[in-house]
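Letter by letter, the chains look like this.
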Amino acid sequence: MLNVDISNIWCSVSLPNLLESEQEIANAHAALADGKGANFLAWLEKDNGTELDRIAAAAAGIREMAQILVVVGNDTAVLGAQAVLELLRGRHHNLCPGMQILFVGSDLSTRSWQSLTEMLEAKDFCVHIIGRDGTSVQTAVAIRALRWILERRYG
């Protein structure tokens, strides 16, 4: 059973608007509960910890290797990752002790890139690429630039 706490939505959604969407919300919940052909919904089952265990192991490895995690993705992917991170930080206050997380790939600003390269210059970092596709120009440029930095530093 999936439970959603909606107690904090009243500043952005009115009750009539929520009630208008009731059928759409019920359909979305039914689709999640049904899960036919959706191999990405394993996190819904409480007994299935393999995906969460794999993520936790990857996170531990990243914390051992790096001081900075650079997350690369387009606007939508980056906003989603930031939202999940904030959600998890709200529940686990000591989520990433000593780890700095930077989000890139949504702009081509030279000032942003200079600032990023200066931050990465003296520290070990890992790169995590997120997104549905790699077709956005900003994301592609970010991936290539970070790859160049990683190859120059680590070979």
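In case you missed it, the structure is sitting above this.
Residues numbered from 1 in each chain as written. Predicted model: local features only at pLDDT ≥ 70, side-chain atom pairs only at ≥ 80, totals over all residues. Heavy atoms only, no water.

Colleague: How should the overall build of the protein chain be read in this particular structure?
Modeller: Counting secondary structure elements, the protein chain contains six helices and three strands. Starting at the N terminus and walking to the C terminus, you meet the elements of the protein chain as α-α-α-β-α-β-α-β-α. Within the protein chain, contacts between residues separated by at least 24 positions form 78% of all contacts whose residues are at least 6 apart in sequence. Only carbon and sulfur atoms are counted for the fraction: they give 56% of the accessible area of the protein chain, which is about 11,500 Å². (Helix = DSSP H or I, 4+ residues; strand = E, 2+ residues; numbered from the N terminus. Contact = heavy atoms within 4.5 Å. Areas by Shrake-Rupley, 256 points an atom, 1.4 Å probe, with all protein chains shown as cover.)

Colleague: Honestly, the pattern of salt bridges in this entry has me stumped. Any pointers?
Modeller: Once the charged atoms of two side chains with opposite charge are near each other, the side chains can pair. Across all of its chains, the model carries one salt bridge by this definition. Salt-bridge contacts for arginine 147 lead to glutamate 151; the nearest nitrogen and oxygen are separated by 3.0 Å. Highlighted residues: arginine 147 and glutamate 151, both in helix α6 (residues 137–154), separated by four residues, approximately one helical turn. Classification of arginine 147 as exposed rests on a relative accessible area of 55%. (Salt bridge = Lys/Arg side-chain N within 4 Å of Asp/Glu carboxyl O. Buried < 20%, exposed > 50% of the residue type's maximum accessible area, 1.4 Å probe, protein only.)

Colleague: Help me out: how do you make sense of the sheet that holds strand β2 (residues 100–104) in this one?
Modeller: Paired through their backbone hydrogen bonds, the strands of a sheet run either parallel or antiparallel. Read across the sheet, three strands follow the order β2-β1-β3 without closing on themselves; strand pairing throughout is parallel. Strands with a single pairing partner mark the edges of an open sheet, and in this sheet they are β2 and β3 (125–129). Ignoring which end each strand starts from, the neighbouring axes of this sheet average 20° apart. As defined by bridge partners, strand β1 (residues 68–72) adjoins β2 across five bridges and the pair is classed as parallel. By the bridge assignment for β2, valine 70 is matched with leucine 102. Against the sheet, helix α5 (residues 110–120) touches β1, β2 and β3, its axis set at about 150° to β2. Packed on one face of the sheet, α6 meets β1, β2 and β3 and runs near 150° to β3. (Pairing = 2+ DSSP bridges. Axes fitted to C-alpha atoms, helices over the stretch in contact; angles between N-to-C directions.)

Colleague: Mind showing me how you'd approach the nonpolar core here?
Modeller: The nonpolar side chains of a soluble globular protein tend to be buried with one another. Counting twelve residues, the largest nonpolar core consists of Ile68, Val70, Val72, Leu102, Val104, Trp113, Leu116, Leu120, Phe125, Ala142, Leu146 and Ile149. Breaking this core down by element, the ones donating at least two residues are β1, β2, α5 and α6. (Core = buried A, V, L, I, M, F, W, Y, C linked by side-chain atoms within 4.5 Å.)

Colleague: Is there a simple way to think about the pairing of β1 in this case?
Modeller: Regular strands have side chains that alternate between both faces of the sheet. When you tally the buried positions in β1, you get five out of five residues, the bulk of the element. Of the two faces of β1, both are covered, the one formed by Ile68, Val70 and Val72 as well as the one formed by Leu69 and Val71. Here five bridges tie β1 to β3, and the two strands are oriented parallel to one another. Pairing of valine 71 across the sheet is with histidine 128, part of β3.

Colleague: Would you mind showing me how to read a nonpolar patch on the surface here?
Modeller: Residues Ile6, Trp10, Leu15 and Leu19 make up a contiguous nonpolar surface patch of about 390 Å² in total accessible area. Assignment of secondary structure puts leucine 19 in helix α1 (residues 15–20). (Patch = residues over 30% accessible without salt bridge, like charges linked within 9 Å, V, L, I, M, F, W, Y side chains within 5 Å.)

Colleague: Which parts of the structure should I look at to understand the packing of α5 against α6?
Modeller: For any two helices packed against each other, the geometry is given by the interaxial angle and the distance between the axes. Where α5 meets α6, the axes come as close as 12 Å, and the angle between the chain directions of the two elements is 30°. Between α5 and α6, the angle is such that the two are roughly parallel. When the axes of α5 and α6 are compared, the crossing they make is right-handed. Each of Trp113, Leu116, Thr117 and Leu120 in α5 lies in contact with α6, whose residues at this interface are Ala142, Ala145, Leu146, Ile149 and Arg153. In the contact of α5 with α6, the residues fall into seven nonpolar, one polar and one charged. (Parallel < 35°, antiparallel > 145°, perpendicular 65-115°, else oblique. Left-handed = near helix turned anticlockwise from the far one by under 90°. Nonpolar A, V, L, I, M, F, W, Y, C, P; charged D, E, K, R; others polar.)

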